[in-house]
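# Understanding the architecture of this molecule
Each chain, written out:
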Amino acid sequence: MASRTIIIDHGSGFVKSGFSGWNEPQMVFPSIVNYSPCRENPGPSYARRHLSLGIDIFHPDTYSYPIQRGRILNWEGVEHIWSFILKKHRQEHEESPVLVAESFLREPADRRKTLEIMFELLDVPSLLLADQMAMSLYASGLLTGVVVDSGYGLTRVQPFHLGHPLRPSSKMLEFAGQDLSAYLFKSLFKEECNQHNLFQMETVDTTQMSKCYVPQNLEEALDFHQSLPSGSDESNIYHLPDGTPVELTPMQRLAPEMFFSPQMFDLPGPSIHQAVVDSIKTCEASMQPLLLSHVMACGGNTLYPGFTKRLYKELTTDHFSCTKSTVWVGSSRNFTVWLGASVMAHLSTYKSEWMTKEEYVEGRDRCGTQERGHWWGGNPHLFEDRY
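Everything numeric here is computed off the predicted structure, so don't read it as measured data.

### Some details on the side chain of Gln 288
Following the sequence through the fold, Gln 288 ends up in helix H9 (residues 288-292). Dropping the residues within four chain positions of it, Gln 288 is found in contact with Ile 280, Lys 281 and Cys 283.

Right, dumping it as structure tokens:
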């Protein structure tokens, strides 16, 4: 079952896929689809548009994210992405089982739709749906700890004890990487801000990836940047299409402060460290020291220079100064969900959690299917115990 499993971690911003057993996913690409006008039928109607992956440089205003804030809004787009992934991987191993890591925000109807696409449209032999946060925990080799995941669409905090999620203590913040991008778009381009403008997109991406960092003390960092003579720091410069240099402001460089001071950016709180504190404090007192000593930071936003150091500082300075705190980090922490799923695919203890196509068909037929896509109408709770 596990030797050649295709692992899919489909997040709000990026898709990671590959075969289990590897140290990293073989494919990583933006979770973006576009609907471009067809030459044969250039009209505006939905049926006359061509669906493809990525951004069409000739029609950059046609792209969208099928998953937003962890919720699937465009099933056609998701199906198109999954079909592309399986087509690529099946060139090497045609009859591979599939493991899909999914957000805990998915409703039972979403899971049933996933089963329908995977078994009926993509013809996978067997399928396992796994919780993204649990997969991040498994990637660390831990069974007890607090997973702090901050990606493109969501920032989440989830404590675990002996592999089981402590759901009442989970926290979700609806600000993440896309909000930082939105701030930079508005800050850099003002009234000309256009998130479908290719130059602006590239400028924001470059700024985020190579110029932004998390300060350990915001006031001191602001004072430092403001004391520098204009033009003295080349890392503060970006260039307009005509070559004109523009200097970044201190707050543009320090934009990831958003995660620690969201109110400064007109975002609702709490901060990420306060969410961790609140989450741990709602757990049993006897568990709290162990949870605090196993805080696992993962997700793309934790890669900003200074992020994990600041998180540790905030947890120990004001809240848990008398308790040992440890923030676990890894060099591939933007891939921890995928890596944990790769580990899980090899565990025999989860063999009973897999669903085969035969089981799916049997369950569907038992409900008296009359119309494909609505087979669960006769028994809406079918498979809910498993998914």
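There's more to say after this.
### Section: the environment of Val 78
Its location among the elements puts Val 78 in helix H1 (residues 75-89). Once residues lying within four places of it in the same chain are set aside, the contact partners of Val 78 are His 10, Pro 66, Ile 67 and Ile 72.

### Section: the packing of helix H3 (residues 132-140) against helix H11 (residues 336-344)
Packing of H3 against H11 leaves a shortest axis separation of 7 Å and a crossing angle of 75°. As summarised for this structure, H3 and H11 are arranged roughly perpendicular, according to the angle between their axes. Touching Gln 132, Met 135, Ser 136, Tyr 138 and Ala 139 of H3 are Thr 336, Val 337, Leu 339, Gly 340, Ala 341 and Met 344, all from H11.

### Looking at the pattern of salt bridges
Counting across every chain of the model gives 11 salt bridges. For the salt bridge of Glu 174 with Arg 71, the shortest nitrogen-to-oxygen distance reads 3.4 Å. Of this pair, Glu 174 sits in the loop between strand E14 (171-173) and helix H4 (177-189) while Arg 71 sits in strand E8 (residues 71-72), and the two are 103 residues apart along the sequence. Overall, Arg 71 belongs to the partly exposed group, its relative accessible area being 34%. As a salt-bridge pair, Glu 102 and Arg 111 come within 2.7 Å of each other at their nearest N and O atoms. Side by side, Glu 102 and Arg 111 carry an identical accessibility label, which is buried.

### Considerations on the sheet that holds strand E6 (residues 63-64)
Read across the open sheet, the three strands follow the order E5-E4-E6; overall the sheet is antiparallel. Here the strands that pair on one side only, and so sit at the sheet edges, are strand E5 (49-53) and E6. One ladder, built from two bridges, connects strand E4 (residues 33-37) with E6; its direction is antiparallel. Each bridged residue has a counterpart across the sheet, and for Val 33 the counterpart in E6 is Ser 64. Across the sheet, H1 lies against E4 and E5, angled at about 50° from E5, the strand it touches most.

### Remarks on the confidence of the model for the chain
Of all residues in the chain, 90% have pLDDT values of 70 or greater, and the mean over the chain is 88. The low-confidence segment residues 368-385 (pLDDT under 50) makes 28 contacts with residues lying over four places distant or belonging to another chain.

### A word on the sheet that holds strand E3 (residues 27-30)
The sheet built from six strands is open, its strands ordered E3-E2-E1-E9-E10-E19 with mixed pairing. Two strands lie at the open edges of the sheet, namely E3 and strand E19 (355-356), each paired on one side alone. Across two bridges, strand E10 (residues 126-131) lies against E19 in antiparallel orientation. Considered in E19, the bridge of Ser 126 is made with Thr 356. Contacting strand E1 (6-10), strand E9 (98-102), E10 and E19, helix H2 (residues 108-121) crosses the sheet at an angle of about 150° to E10. Strands in contact with H3 are E1, E9 and E10; relative to E10, the strand with the most contacts, it is inclined by about 85°.

Criteria and thresholds
Residues numbered from 1 in each chain as written. Predicted model: local features only at pLDDT ≥ 70, side-chain atom pairs only at ≥ 80, totals over all residues. Heavy atoms only, no water. Helix = DSSP H or I, 4+ residues; strand = E, 2+ residues; numbered from the N terminus. Contact = heavy atoms within 4.5 Å. Axes fitted to C-alpha atoms, helices over the stretch in contact; angles between N-to-C directions. Parallel < 35°, antiparallel > 145°, perpendicular 65-115°, else oblique. Salt bridge = Lys/Arg side-chain N within 4 Å of Asp/Glu carboxyl O. Buried < 20%, exposed > 50% of the residue type's maximum accessible area, 1.4 Å probe, protein only. Pairing = 2+ DSSP bridges. pLDDT = per-residue confidence, 0-100.

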